Amino acid sequence: MLQSLDALGVAGLVVLLAGIALIASQNLWIAVGMALIVAGLGLLIRSLISGMLRNFGMF
């Protein structure tokens, strides 16, 4: 997965993980909830993009 990301994508992933770690240092349950929200959004976006590419015959 990391091989398909460029430098900006890796930086975004690092910032995302740092933000969740910062929240976890204050309240663990809120950090877990936010991590689940981010993971769910990632899966949703991946599904939408894969469906769109399949409709165009690219995937």
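Let us look at the structure shown here. Predicted, not measured: the structure shown is a model, and the values here were computed from it. (Residues numbered from 1 in each chain as written. Predicted model: local features only at pLDDT ≥ 70, side-chain atom pairs only at ≥ 80, totals over all residues. Heavy atoms only, no water.)

## Some points on the overall build of the chain
Spelled out, the test is: Secondary structure counts use DSSP, requiring at least four H or I residues in a row for a helix and at least two E residues in a row for a strand, with both numbered from the N terminus. Note on classification: 1.4 Å probe, protein chains only; a residue is buried when its accessible area is under 20% of the maximum for its type, exposed when over 50%, partly exposed between these limits. We get accessible surface area from the Shrake-Rupley algorithm with a probe of 1.4 Å; when it comes to residues, only the shown protein chains can shield them.
Helix and strand counts for the chain come out as two helices and zero strands. For the chain, with 59 residues in total, the buried portion stands at 5%. For the chain, the exposed area adds up to about 5100 Å²; of that, 75% sits on carbon and sulfur atoms.

## A closer look at the packing of helix α1 (residues 7-26) against helix α2 (residues 28-55)
Selection rule: Fitted lines through C-alpha atoms serve as axes, helices being fitted only where they are in contact, and the angles separating the N-to-C directions of these axes extend from 0 to 180 degrees. If an angle is under 35 degrees, it is roughly parallel; if it is over 145, roughly antiparallel; if it lies from 65 to 115, roughly perpendicular; otherwise it is oblique. Every residue pair with non-hydrogen atoms within 4.5 Å of one another is taken to be in contact.
Put simply, α1 and α2 touch, their axes get as near as 6 Å, and they point 155° apart. Between α1 and α2, the crossing angle belongs to the class labelled roughly antiparallel. Between α1 and α2, the residues in contact are Leu16, Ile20, Ile23, Ala24 and Gln26 and Leu28, Ile30, Ala31, Met34, Ala35 and Val38, respectively.

## Observations regarding the environment of asparagine 27
Following the sequence through the fold, asparagine 27 ends up in the loop between α1 and α2. On the basis of relative accessibility, which here comes to 31%, the residue asparagine 27 falls in the partly exposed class.

Geometric values such as these leave the question of function open.
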